[in-house]
Amino acid sequence: MSKNLLIAFVFLTFKCLSQNTGPGGVGNSSDLSVWLDASSISASNGSNISNWNDISGNNNNFTQSSAPLKPIFMESSNIGSKPGLQFFSDHLFSSSISSLNTSNQSWFIVHNFTNPSVQILFRSNYSSGSSSSLSSSQLLGVYSSSTDGIKQYVRASNGLVKANTEAFITGSHISSSVWSSTNLSSFTDNNLVSNISTGIVSPSGHNLICLGASSTTPSDNFLPYQGQIAEFIVYNTNLNDAQRIIVNNYLSSKYGISIGDDKYSFDTNHGNEVTGIGREDISNQHLNSRGSGIIQGQASSLDNSDYFLWGHDNGNLTSTSTGIPSTFPSSSGKILERKWRVNEAGESGDLTITVDLTGIGFGAESDYKLLIDSDGDFTSGTTVLDGSYNSNFVTFNVLSSEFSNGDYFTIGNTSIEIKSISSGNWTNTSVWDCSCEPTLANDVTIESGDNISVSSSVAVNDLTVTGTLSLANLIDVEGNITNNGTITNSSGARIFIGGNWNNNSSSSNFNAGDSVTFDGTSNPSTITGNTDWGILTLNNSNGTTVNSGNQNIFGKLNIKNGALTTGGLITLKSDQNGTAQMDNIETGSI
């Protein structure tokens, strides 16, 4: 069978809204109703949690306003040492979720508890669907029984509990179920517990989900959960087998929980944001996957039992010159610090790989490369593929022979320079040859004839001005500034320079209220060329040296840190605004 795979590395942009951005790349905001991930909670360890925000895109947040009933946030829970919530006699609950008025649902809950008493992990409350208002209010969920173990259940229309029961187990586990209209299939750690017929059930009037208790009223058969929960996922559809397997693999890799039908073997070093595509058979396949990370994959077709999963090492999404291929220019080549690794079962066929560089562009648009390597050392033995660029997306065509099980991959660029192609605001991507906004990773050149305005704070590595830079805000230059053109400024403009100032033009005069700060940390800074300064601040512990040119200061000279070597070329000037001042010398010297 001919098989083609599309893999896209994407940030959450407008184009991603219809993609599978759910757990493991399964589902999006249309069929994923609830996604609670303790890793997304911003709280200090041991603090009480009043809100657990839903990250499905639907804002179905879970809350608790009563202080005694708030669970506790654990930075390192018993579940794979990942963040989790500790429940004692606590609970959280949602508002009504209309998308769950269906008998096609799937859920996953990652938990750890040892107490075999009767307690509720979660329960979904409806106005109708079963024989009475009471049974409808307890229509489906997961609970433990002191005699039987863990029960995942749906109440039939006559009120009877239809449950699949796992003998009681301790430690960390993934309990999941797929409810397909009249049948409930339940799993523990992706191993089938059993199937049970639920009959026809028509849930309606969804009221809430209670997480950690039977109801929101402690006196009303409360049955509080005593344990930890790290992640809770509810779909408003019945996932197929391939989708269920992929979600379980995502959770398994994340929390270090052994599962049945494990499709990803590289959890230890590349188990972050594991995502995938796969196929069991024609009725059970998942061919489009993005997940919570920056990689999206799509296949036009796969054969039975084919799976292609990937995870990363949690490296930064910034570029580095360390470890670049030997074929890259040593002076300009860069690769992303983050590395991915693939697990391929079967044969995925030819691949098309697309990279969305929104927010992480680090080179000229024509110079991005896809790097594939068998041992993770990209300096040698690496397959380097050229791509085509269009609106922040770079597309690569990969033959089936170029990806093998266990391979590593990342993105590189043979040039970190970005050049202007027209006049406009710095943040307008259309003025740059990369169709992106330059970042701290880039060397930027403003070409002759172009006027680039800065109205909000920006940052770059090296900056060369051949045209015009119009400053009305802050620009942070990590490296050197070379001015061969014109730098104009309005009141309040600020420049931070980590390296050297090279002025080869007379058009770089600063008003008295404007500020330039040399704040390098690694090497001494130098100043070259005639320049009129407003406020000049030296804050480089390695020192600053004036190499050449008259340096006229009309505002203040601040020496916060490091030694200033003037060469007799600095003059404090007077004009109609007043006389320049020598500010207090802090830890620096002249």
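A quick note: this is a predicted structure, and the numbers were derived from the prediction, not measured. (Residues numbered from 1 in each chain as written. Predicted model: local features only at pLDDT ≥ 70, side-chain atom pairs only at ≥ 80, totals over all residues. Heavy atoms only, no water.)

## Some thoughts on the overall build of the protein chain
Consideration 1: The secondary structure content of the protein chain amounts to three helices and 53 strands.
Consideration 2: Summarising its shape, the C-alpha atoms of the protein chain cover approximately 95 × 60 × 35 Å along the three principal directions.
Consideration 3: In the protein chain, which comprises 590 residues, the share counted as buried stands at 54%.
Consideration 4: Of all intrachain contacts in the protein chain linking residues separated by at least 6 positions in sequence, the fraction that spans at least 24 positions is 56%.
Consideration 5: When the accessible surface of the protein chain is totalled, it reaches about 22000 Å², and 43% of it is carbon and sulfur.
Consideration 6: Each charge class in the protein chain can be summarised by its mean position, and for the 23 positive and 48 negative side chains these summaries are 7 Å apart. (Helix = DSSP H or I, 4+ residues; strand = E, 2+ residues; numbered from the N terminus. Buried < 20%, exposed > 50% of the residue type's maximum accessible area, 1.4 Å probe, protein only. Contact = heavy atoms within 4.5 Å. Areas by Shrake-Rupley, 256 points an atom, 1.4 Å probe, with all protein chains shown as cover. Lys, Arg positive; Asp, Glu negative; His and termini not counted. Charge placed at Lys NZ, Arg CZ, Asp CG, Glu CD.)

## Let's talk about the packing of aromatic side chains
Consideration 1: If you walk through the whole model with that rule in mind, you get 18 aromatic pairs.
Consideration 2: Centroid distance Phe308 to Phe403: 5.7 Å. Interplanar angle 70°. Geometry classified as edge-to-face. Of this pair, Phe308 sits in strand β22 (residues 307-312) while Phe403 sits in the loop between β30 (393-398) and β31 (408-413), and the two are 95 residues apart along the sequence. Here the two residues Phe308 and Phe403 agree in accessibility, since each one is buried.
Consideration 3: Three or more aromatic residues link up through ring pairs in this structure, and these residues are Phe308, Trp310, Trp340, Phe403 and Phe409.
Consideration 4: In this arrangement the basic side chain of Arg244 is found over the ring face of Phe187, its NZ or CZ atom lying 4.0 Å from the centre.
Consideration 5: Against the face of Phe266 rests Arg341, its NZ or CZ located 3.9 Å from the ring centre. (Phe/Tyr/Trp six-rings, centres within 6.5 Å; stacked < 30°, edge-to-face > 60°. Lys NZ or Arg CZ within 6 Å of the ring centre and 35° of its normal.)

## With respect to the side chain of Thr198
Consideration 1: With respect to the helices and strands, the residue Thr198 is situated in the loop between β15 (191-197) and β16 (204-211).
Consideration 2: Judged by relative accessible area, which is 2%, Thr198 ranks as buried.
Consideration 3: Within polar-contact distance, the side chain of Thr198 engages the side chain of Trp179 at 3.3 Å.
Consideration 4: Excluding residues that lie within four positions of it along the chain, Thr198 makes contacts with Val154, Ala156, Lys162, Trp179, Ser181, Thr182, Asn183 and Leu184. (Polar contact = N/O pair within 3.5 Å; in protein donor to acceptor, adjacent residues only side chain to side chain.)

## Here we look at empty space enclosed by the protein
Consideration 1: Tallying each qualifying case throughout the model produces two cavities of 30 Å³ or more.
Consideration 2: Estimates place the volume of the largest cavity at around 40 Å³.
Consideration 3: Only β18 (272-281) and β22 provide two or more residues apiece to the lining of the largest cavity.
Consideration 4: With three residues, the top contributor of residues to the lining of the largest cavity is β18.
Consideration 5: Here the lining of the largest cavity is built from residues that sort into four nonpolar, four polar and two charged.
Consideration 6: For the second largest cavity, the calculated volume is near 30 Å³.
Consideration 7: In terms of lining, the second largest cavity is formed by Leu100, Gln105, Trp107, Phe122, Ser124, Leu140, Ile209 and Val234.
Consideration 8: Its residues assigned to classes, the lining of the second largest cavity shows six nonpolar, two polar and no charged. (1 Å grid on protein atoms, 1.4 Å probe; cavity = no way out; pocket = protein on both sides within 12 Å on 5 of 7 lines; lining within 4 Å. Points joined across faces, edges and corners; volume = space filled by probe spheres on them. Nonpolar A, V, L, I, M, F, W, Y, C, P; charged D, E, K, R; others polar.)

## Looking at the side chain of Ser33
Consideration 1: Inspection of the secondary structure assignment puts Ser33 in strand β2 (residues 32-37).
Consideration 2: Classification of Ser33 by relative accessible area gives buried; the value is 0%.
Consideration 3: Within the local environment of Ser33, its side chain forms a polar contact with the side chain of Ser99, the two groups lying 2.6 Å apart.

## Focus on a nonpolar patch on the surface
Consideration 1: On the surface, Leu572, Met582, Ile585 and Ile590 cluster together to form a nonpolar patch covering roughly 350 Å² of accessible area.
Consideration 2: Position of Leu572 among the secondary structure elements: in strand β50 (residues 570-572). (Patch = residues over 30% accessible without salt bridge, like charges linked within 9 Å, V, L, I, M, F, W, Y side chains within 5 Å. Salt bridge = Lys/Arg side-chain N within 4 Å of Asp/Glu carboxyl O.)

## Digging into the sheet that holds strand β35 (residues 451-454)
Strand pairing in a sheet is mediated by backbone hydrogen bonds. Such pairs are either parallel or antiparallel.
Consideration 1: In spatial order, the strands read β33-β35-β38-β41; together these four strands make up an open sheet with parallel pairing. Each edge of the open sheet is held by one strand with a lone partner, namely β33 (424-425) and β41 (486-489).
Consideration 2: In terms of strand pairing, β33 meets β35 through two bridges, oriented parallel. What sits directly across from Asn425, in β35, is Ser453. (Pairing = 2+ DSSP bridges.)

## Regarding the environment of Ile411
Consideration 1: Within the fold, Ile411 resides in strand β31.
Consideration 2: Judged by relative accessible area, which is 2%, Ile411 ranks as buried.
Consideration 3: Remark: the alpha-carbon pair of Ile411 and Trp340, spanning 71 residues in sequence, is separated by 9.8 Å.
Consideration 4: Contact partners of Ile411, with chain neighbours within four places excluded, come to Ile335, Leu336, Val355, Phe362, Tyr368, Lys369 and Leu370.

## Thoughts on the sheet that holds strand β40 (residues 481-483)
Consideration 1: Read across the open sheet, the eight strands follow the order β32-β34-β37-β40-β43-β45-β47-β49; overall the sheet is parallel. Because the sheet does not close on itself, it has two edges, and the strands there are β32 (417-419) and β49 (564-565).
Consideration 2: In the sheet, strand β43 (residues 501-503) pairs with strand β45 (residues 525-528) via two bridges, with the strands oriented parallel. Bridge assignment links Trp501 to a residue of β45, and that residue is Ile527.

## Let's talk about the nonpolar core
Consideration 1: Within the largest apolar cluster, 65 residues are counted, with the highest numbers of intra-cluster contacts made by Phe403, Trp426, Trp432, Leu463, Leu469 and Phe518.
Consideration 2: Among all residues touching Trp432, those that are not within four sequence positions of it are Ile418, Lys419, Ser420, Ile421, Trp426, Glu437, Pro438, Val444, Thr445, Ile446 and Ile452.
Consideration 3: Grouped together as the second largest cluster of nonpolar side chains are 34 residues, Phe73, Phe87, Leu100 and Ile109 included. (Core = buried A, V, L, I, M, F, W, Y, C linked by side-chain atoms within 4.5 Å.)

## Some thoughts on the pattern of salt bridges
Consideration 1: Counting across every chain of the model gives seven salt bridges.
Consideration 2: Salt-bridge contacts for Lys254 lead to Asp37; the nearest nitrogen and oxygen are separated by 2.5 Å. With Lys254 in helix α2 (residues 241-255) and Asp37 in strand β2, this pair connects stretches of sequence that are 217 residues apart.
Consideration 3: One salt bridge connects Arg338 with Glu273, and the closest N-O pair in it is separated by 3.9 Å. One end of the pair, Arg338, is in the loop between β24 (334-336) and β25 (340-345); the other, Glu273, is in strand β18, and 65 residues separate them in sequence.
Consideration 4: The class of Glu273 is partly exposed, set by a relative accessible area of 29%.
Consideration 5: One continuous salt-bridge network, built from bridges that share partners, spans Asp37, Glu231 and Lys254.

## Considering the pairing of strand β38 (residues 468-471)
Consideration 1: With burial as the criterion, each face of β38 is covered, one bearing Thr468 and Ser470 and the other bearing Leu469 and Leu471.
Consideration 2: As judged from the four bridges shared by β35 and β38, these two strands associate in the parallel manner. Paired with Asn451 across the bridge in β38 is Thr468.

## Digging into the environment of Pro329
Consideration 1: Positionally, Pro329 belongs in the loop between β23 (319-320) and β24.
Consideration 2: Taking the C-alpha atoms as reference, Pro329 lies 39 Å from Ile570; in sequence the two are 241 residues apart.
Consideration 3: For Pro329, the residues in contact, after removing those within four places along its chain, are Ile324 and Thr414.

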